[in-house]
Amino acid sequence: MTVHLEVAEGVGTLRLDRPPMNALDVATQDRLKELAEEVTRRTDVRAVVIHGGEKVFAAGADIKEMQAMDHAAMIVRSRALQDSFSAVARIPKPVVAAVTGYALGGGCELALCADFRIAADDARFGQPEILLGLIPGAGGTQRLSRLIGPSRAKDLIFTGRMVKADEALSLGLVDRIVPAAEVYTEAHTWAAKLAQGPAIALRAAKEAIDTGLETDLETGLAVERNWFANLFATEDRERGMRSFVEEGPGKAKFL
């Protein structure tokens, strides 16, 4: 298998394993979708880390495989490609990308599917599809522009240039930079902390934010209002408020 799922401390790690560069071929895309749907269902997985290993996150699509596809084949495959990445983006739990080495093309698009991105100090990001006479096809034109703004996204997509970790941080493409040897540990620690939180409230927060980004303010406020009220029916809300009143803030233990 080109992607493995490992679970520890409530954290599911989706680990890419297609050396040397973790090129995202069709089999890897399909496996990502399969495992994203699995971690969505599993109650023992409360947060997720996406990792490519110590040397590289993912250096993009398998160009040789794509070169063999004609127009008709790509019409069919492009939907499956986007569906695999969307399955990751829709995981209703906190997701962090632990990025080492290159995150280019589809690799960058996969990192964009996470809620939070921790990068090695020597990581490189980019959407080089324009250099192949293409555009990003796994969500790059949409997720990147929503994350860093349209002008900055157009710069990266129009030029196909790579950016180093420090520029990626200044652009808002990554959220934290750490030494390469610490990337996975930092990501797993972040995820494990959230795995101890109230699962339904975290799901509600993620859905409210993501839905709000796709719609108008009034609709987004309605989503927030409904989730806010519905959370009053949960045991976590009772536990959290009782702990606050009796012990003070930040001491609640959630199931």
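Residues numbered from 1 in each chain as written. Predicted model: local features only at pLDDT ≥ 70, side-chain atom pairs only at ≥ 80, totals over all residues. Heavy atoms only, no water.

### Here we look at the overall build of the chain
Note the threshold: Put simply, DSSP marks the helices as runs of H or I at least four residues long and the strands as runs of E at least two long, and each gets a number from the N terminus on. Only C-alpha atoms enter the radius of gyration; for comparison, a globular chain is expected to reach 2.2 Å times N to the power 0.38, where N is the number of residues. Exposure is judged per residue with a 1.4 Å probe applied to protein chains only, and the accessible area is read against the type maximum: over 50% gives exposed, under 20% gives buried, and values in between give partly exposed. The contact criterion used is simple: two residues touch if any of their non-hydrogen atoms lie within 4.5 Å. Per-residue and other accessible areas follow the Shrake-Rupley method at a 1.4 Å probe size, with only the shown protein chains counted as cover for residues.
Along the chain, the regular secondary structure elements total 11 helices and nine strands. Taking 18 Å as the expected radius of gyration for a compact globule of 255 residues, we find that the chain reaches 19 Å, a close match to that expectation. Counting all 255 residues of the chain, 45% fall into the buried class. Relative to all contacts within the chain whose residues are 6 or more apart in sequence, the contacts with residues 24 or more apart total 69%. As presented, the chain carries roughly 13300 Å² of accessible surface, and 56% of it is formed by carbon and sulfur atoms.

### Quick look at the environment of K55
Mapping K55 onto the fold places it in the loop between β3 (47-51) and α2 (63-67). Given the relative accessible area of 74%, K55 is considered exposed. Measuring from C-alpha to C-alpha, the distance between K55 and A120 comes to 9.9 Å, with 65 residues separating the pair along the chain. Residues in contact with K55, not counting those within four places in the same chain, are T100 and G101.

### Side note on the side chain of K206
Within the secondary structure, K206 sits in helix α9 (residues 199-213). Dropping the residues within four chain positions of it, K206 is found in contact with A89, I91, P92, K93, V95 and D115.

### Considerations on a nonpolar patch on the surface
Spelled out, the test is: What makes a patch is a set of residues exposed beyond 30% relative accessible area and free of salt bridges, joined within 9 Å when like-charged and within 5 Å when nonpolar (Val, Leu, Ile, Met, Phe, Trp, Tyr). By definition here, a salt bridge exists when the distance from a side-chain nitrogen of Lys or Arg to a carboxyl oxygen of Asp or Glu is within 4 Å.
A cluster of nonpolar side chains, M21, Y102 and M162, forms an exposed patch at the surface whose accessible area comes to about 270 Å². The partly exposed category is assigned to M162, whose relative accessible area is 44%.

### A word on the sheet that holds strand β5 (residues 102-104)
Think of a sheet as strands paired side by side through backbone hydrogen bonds, with each pair either parallel or antiparallel. Convention followed: Here the rule is simple: two strands pair whenever DSSP picks up at least two bridges between them. Axis angles are defined between N-to-C directions and span 0 to 180 degrees, where every axis is a line fitted to C-alpha atoms and, for a helix, only to the segment in contact.
Strand order in the open sheet made by the three strands is β5-β7-β8, with mixed pairing throughout. The strands lining the two open edges of the sheet, one partner per strand, are β5 and β8 (162-164). Taken pair by pair, the neighbouring strands of this sheet meet at an average axis angle of 20 degrees, ignoring direction. Where β5 meets strand β7 (residues 124-126), three bridges bridge the pair, whose relative direction is parallel. Bridging from a neighbouring strand, L104 pairs with G126 of β7.

### A few points about the sheet that holds β3
Taken in spatial order, the six strands line up as β1-β2-β3-β4-β6-β9 in an open sheet, and their pairing is mixed. Either end of the sheet is taken by a strand with one partner, and the two such strands are β1 (3-8) and β9 (176-178). Taking the axes of each pair of neighbouring strands and ignoring which way they run, one obtains an average angle of 20 degrees across the sheet. Bridge analysis of strand β4 (residues 95-99) against strand β6 (residues 116-120) gives four bridges, and the strand direction is parallel. Note that in β6 the partner of A97 across the bridge is R117.

### Focus: the environment of G126
Within the secondary structure, G126 sits in strand β7. Under the relative-accessibility criterion, G126 is labelled buried at 3%. The sequence separation of G126 and G107 amounts to 19 residues, and the corresponding C-alpha distance is 8.7 Å. Setting aside residues up to four positions removed in sequence, G126 forms contacts with A103, L104, G105, C108, R161 and M162.

### Describing the nonpolar core
Which entries qualify depends on this criterion: Buried Ala, Val, Leu, Ile, Met, Phe, Trp, Tyr and Cys residues form a nonpolar core when they are joined through side-chain atoms within 4.5 Å.
F57, V96, V99, L110, F125, L144 and L173 are the most contacted members of the largest nonpolar core, which has 58 residues in total. With six residues, helix α8 (residues 183-195) is the largest single contributor of residues to this core. V99 has contacts with F57, A111, I118, A119, A120, A123, F125 and V183, leaving out every residue within four places of it along the chain.

Read these as layout, nothing more, since geometry by itself doesn't imply function.
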